[in-house]
Amino acid sequence: MAEPDEPFMTAAAPPETAAIGPCSPFFIVEVLERSLAHYREGLGFDCRYSAPEPEPFFAIVGRGAAQIMLKAVRDGVVPVPNRRAHAWAPWDAFVLAGDPDALAAENAGRAVAYAEPLGNREDGLRGFAVADPDGYVCFFGRPV
């Protein structure tokens, strides 16, 4: 089993399998600054990159190994989170959190819109889900 500060792994990969790292979802957003504020102030992410200057429309936010790419697209392109397209698809990203309880406690007092409160789910996961200003939902959790 992985140490608490290492990413959770269910099993070691066979030697012939090439390892891969974290995945970064790409969200189309309406207003980049609003999205940046949500991830930085609401969830404690850092802005790792933004461009072009002086008026960026693309950014990468991250915390630990998790990253999310954000892009404000003009010309009438609107965000389409999974749950708007498919009611049965509640999340746009699963963010592995070794201690979702500590993360939820850290978020206490922040302006965070919970789509799902902290708890154990019927599917064997423990965590919580947060909706961003464009409706994208990130689940922060781990297997029970």
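Conventions used here
Residue numbers restart at each chain and count upward from 1, following the sequence in its written direction. Totals for whole chains, interfaces and linings use all residues, but because this is a predicted model, local features are given only for residues with pLDDT of at least 70 and pairs of side-chain atoms are given and counted only at 80 or more. Side-chain metrics in this entry use all non-hydrogen atoms of the structure; hydrogen atoms and water are not considered. Relative accessibility decides the category of a residue: with a 1.4 Å probe and only protein chains considered, values under 20% of the type maximum give buried, values over 50% give exposed, and everything between is partly exposed. Numbering of helices and strands starts at the N terminus; helices are DSSP runs of H or I of at least 4 residues and strands are runs of E of at least 2. The arc in question is the one spanned by the directions pointing from the helix axis to the C-beta atoms. Following DSSP output, two strands are said to pair if at least two bridges run between them. Interaxial angle, 0 to 180 degrees, is taken between N-to-C directions of lines fitted to C-alpha atoms, where a helix line uses only the stretch in contact. For this analysis, residues touch if any pair of their heavy atoms sits within 4.5 Å. Just to be clear on terms, a salt bridge is a Lys or Arg side-chain nitrogen sitting within 4 Å of an Asp or Glu carboxyl oxygen.

(A) Structural view of helix 3 (residues 100–107). Those residues of helix 3 lying buried are P100, L103, A104 and N107. The buried residues of helix 3 occupy one face: seen down the axis, they fall within an arc of 100°. One or two steps after helix 3, the chain reaches G109, where phi turns positive at roughly 90°.

(B) Structural detail: the sheet that holds strand 2 (residues 46–51). Across the sheet, 4 strands lie side by side as 1-4-3-2; this open sheet has mixed pairing. The outermost strands of the open sheet, each flanked by one partner alone, are strand 1 (26–29) and strand 2. Neighbour to neighbour, the strand axes of the sheet diverge by 20° on average, direction disregarded. Across 4 bridges, the pairing between strand 1 and strand 4 (residues 66–72) is parallel. In the strand pairing of strand 4, F27 is matched with L70. In the packing of helix 1 (residues 32–42) onto the sheet, the strands contacted are strand 1, strand 2, strand 3 (58–63) and strand 4, and the crossing angle to strand 4 comes to about 160°.

(C) Spotlight on the pattern of salt bridges. A complete count under the given rule lists 7 salt bridges for this structure. A salt bridge links R126 to D101, with the nearest nitrogen and oxygen atoms 2.7 Å apart. Here R126, found in strand 7 (residues 125–131), pairs with D101, found in helix 3; they are 25 residues apart in sequence, far enough to count as distant. Between R110 and E106 there is a salt bridge, with its nearest N and O atoms 3.8 Å apart. The structure contains a network of salt bridges with shared partners spanning R63, E106 and R110.

(D) A look at the pairing of strand 7. Taking burial as the measure, the 7 residues of strand 7 include 7 buried ones, the bulk of the element. Neither face of strand 7 is left uncovered, since the one carrying L125, G127, A129 and A131 and the one carrying R126, F128 and V130 both have all their residues buried. Pairing of strand 6 (residues 113–120) with strand 7 involves 5 bridges; the strand directions are antiparallel. In the sheet register, E116 faces strand 7, and the bridge partner there is A129. Linking strand 6 to strand 7, which pair antiparallel, is a turn of 4 residues; within it G124 sits at a positive phi near 90°. Across 7 bridges, the pairing between strand 7 and strand 8 (residues 137–143) is antiparallel.

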